[in-house]
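Tertiary structure, described
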Amino acid sequence: MTALSPLEHQLPVIDVAPLVAATPDATALAEVAAQIGAACRAHGFFYVRGHGVPAALVERLDALAREFFAQPEAEKLRLTMSAGGRAWRGYFRTGGELTSGRPDWKEGFYLGSELDAEHALVRAGTPLHGPNLWPERPAGLREAVLDYLQAGTALGHALMRGIALSLALPADYFAARYTADPLILFRLFNYPSRPAPEAVQWGVGEHTDYGLLTLLYQDATGGLQVRTRAGWIEAPPLPGSFVCNIGDMLDRMTRGLYRSTPHRVRLNSSGRDRLSFPLFFDPNFFSRPAAIEGLPAAEDDRASRWDGANVHAFEGSYGDYLLAKVGKVFPELSGTVLSP
Ligand SMILES: O=C(O)CCC(=O)C(=O)O
Ligand SMILES: [Fe+2]
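Residues numbered from 1 in each chain as written. Chains lettered and ligands numbered in written order. Predicted model: local features only at pLDDT ≥ 70, side-chain atom pairs only at ≥ 80, totals over all residues. Heavy atoms only, no water.

1. Describing the sheet that holds strand β2 (residues 45–49)
The condition is simple: One requirement defines pairing of two strands: DSSP has to find at least two bridges between them. Only DSSP runs of H or I with at least four residues qualify as helices, and only runs of E with at least two residues qualify as strands; both kinds are numbered from the N terminus onward. Every axis in this analysis is a line fitted to C-alpha atoms, fitted for helices over the stretch in contact. Angles between the N-to-C directions lie between 0 and 180 degrees.
With mixed pairing, the 8 strands of this open sheet are ordered in space as β1-β2-β10-β7-β12-β5-β4-β3. On the outer flanks of this sheet lie β1 (13–15) and β3 (90–92), each paired with one strand and no other. Mean inter-strand twist for the sheet, computed between neighbouring axes without regard to direction, equals 25°. Sheet topology places strand β4 (residues 107–112) next to strand β5 (residues 183–191); 6 bridges connect them, and they run antiparallel. Each bridged residue has a counterpart across the sheet, and for Tyr110 the counterpart in β5 is Arg187.

Okay, structure coming up:
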């Protein structure tokens, strides 16, 4: 593995304004699609700007999330994730998530599309679907999260149009098959600056994301690292942008052409909290992600994958894939959640 590079932006920065525009310009669209295609083939990671998510909304959510995490742990634990049942919503404390088999040094508040208790999927006990758990304080958090989910989901749809065009597919290729009703999961993370126990080496250990796209807001602290083909590089914060990365299902659908790229987060020793908010834009829970026709066969990359999985070979729905992963990450809950 080559040495880490200095803190500079090595990943491409793509202005996606033509994709989110109400009346897109065909030439500009083709140019953005080409940039997205090149970034996905080379890295599976890129920054997006011109995305249309208002800066004021992001700042509001950052301030409210900071206020939430600053509360005493006992207060946060009132919304503990175990109480959230199958919906996988709520708070888990620092050390409560095991991304790659070891505790991560972060605390998190786990959210997703807001479905009320009467929704048919919730009544049927569908895992990962349900009402969010909302704290009493800060009072504005619910509204800010819901606004952000709406804006982030719209951006996810726009980027998927760009990804379809970059593969010479119709712009609605993914929407027509997988994302008319996408699975949206969202987290507020805080990586505290306090020292971790010796056994804990990462804020988040090496992993890939499970679905289609992840849209990540990170504050000004830094710490995200990406494993490119040439070795680990930093993905430092770039104000006003989101980091976008490809998940396992897009790797599967493109037969490995668009790589689900491993990444991790350093321990935070900056002296202040590091906040990050990943929004996971994923295929519908019941859909069965299939390879796009006409692409060359995928290489078997199991040996180089963090989890040894073969994303090209599993059978079943996206929900099946996700539940198998999630049960490993939160062992405390797997018994309750995975039982019928
Ligand atoms: O916090 C970050 O910067 C990245 C988090 C992440 O990789 C994830 O939640 O999948
Ligand atoms: Fe991730």
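Here the narrative resumes, following the displayed structure.
2. Section: the coordination of the iron ion (ligand 2)
Our working rule: The donor set comprises N, O and S atoms within 2.8 Å of the metal, extended to 3.2 Å for Na, K and Ca; water molecules are omitted, so apparent gaps in a site may simply reflect that omission. Each residue is assigned to one of three classes by its accessible area relative to the maximum for its type, calculated with a 1.4 Å probe on protein chains only: buried under 20%, partly exposed between the two thresholds, exposed over 50%.
Taken together, His207 (NE2), Asp209 (OD) and His263 (NE2) make up the full set of protein donors to the iron ion (ligand 2), lying 2.1 to 2.2 Å away. Positions of the donor residues of the iron ion (ligand 2), expressed as sequence spacing, correspond to H-x1-D-x53-H. Taken together, the residues span a long stretch of sequence, with Asp209 in the loop between β6 (204–207) and β7 (213–218) and His263 in strand β11 (residues 263–265) at a distance of 54 residues. We note that Asp209, like His263, is buried.

3. Details of the pairing of strand β12 (residues 274–282)
Taken across its 9 residues, β12 has 9 buried, putting it largely inside the fold. The side-chain alternation of β12 yields two buried faces, one formed by Arg274, Ser276, Pro278, Phe280 and Asp282 and the other by Leu275, Phe277, Leu279 and Phe281. The sheet contact formed by β5 and β12 spans 7 bridges and is antiparallel. From the neighbouring strand, Phe186 faces β12, where its bridge partner is Leu279.

4. Observations regarding the UniProt feature "domain: Fe2OG dioxygenase" (unreviewed entry) in the protein
The following threshold applies: UniProt positions are given in the numbering used here, feature names are shortened, and annotations may be inferred rather than shown by experiment.
Mapped onto this numbering, the UniProt entry gives "domain: Fe2OG dioxygenase" (unreviewed entry) at residues 179–283. Between the end C-alpha atoms of residues 179–283 there is a gap of 5 Å, over a span that is 7% helix and 43% strand.

5. Overview of the nonpolar core
Under the convention used in this document: Definition of nonpolar core: a set of buried residues of the types Ala, Val, Leu, Ile, Met, Phe, Trp, Tyr and Cys, connected through side-chain atoms within 4.5 Å. Contacts: residue pairs with any heavy atoms within 4.5 Å of one another.
If you look at the biggest cluster of nonpolar residues, it comprises 88 residues, and the most contacted ones within it are Leu159, Ile163, Phe174, Phe186 and Leu188. In terms of residues, this core owes the most to one element, helix α6 (residues 141–166), which gives 11 residues. The residues contacting Phe186, other than those within four sequence positions of it, are Leu61, Phe109, Tyr110, Leu111, Gly112, Val145, Tyr148, Leu149, Phe277, Pro278 and Leu279.

6. Quick word on α6
Formally: An expected span of 1.5 Å times one less than the residue number is assigned to each helix.
With 26 residues, α6 should cover 38 Å at 1.5 Å per step; its first-to-last C-alpha distance of 36 Å lies within 8% of that length. Ala168 sits one or two residues past α6 and shows a positive phi near 60°.

7. Quick look at the packing of helix α3 (residues 55–69) against α6
What counts here: With respect to orientation, any angle under 35 degrees is reported as roughly parallel, any angle over 145 as roughly antiparallel, any angle of 65 to 115 as roughly perpendicular, and every other angle as oblique. Crossing handedness is defined as follows: a turn of the near helix away from the far one that is anticlockwise and smaller than a right angle gives a left-handed crossing, while the clockwise case is right-handed.
Where α3 contacts α6, the two axes come as close as 9 Å, and the packing angle between them is 140°. One element, α3, and the other, α6, form an angle in the oblique class. In terms of crossing hand, the pair formed by α3 and α6 is left-handed. Residue-level contacts link Leu57, Val58, Arg60, Leu61, Leu64, Ala65 and Phe68 of α3 to Leu141, Glu143, Ala144, Val145, Asp147, Tyr148 and Ala151 of α6.

8. Section: the sheet that holds β6
The strand order across the open sheet formed by 4 strands is β6-β11-β8-β9, and the pairing between neighbours is antiparallel. Since the sheet does not close on itself, it has two edges, and those belong to β6 and β9 (231–234), each with one partner. Here the average twist between neighbouring strands, direction ignored, is 20°. With 3 bridges joining them, strand β8 (residues 224–228) and β11 adopt antiparallel strand pairing. Across the sheet, Gln225 pairs through a bridge with Arg264, a residue of β11.

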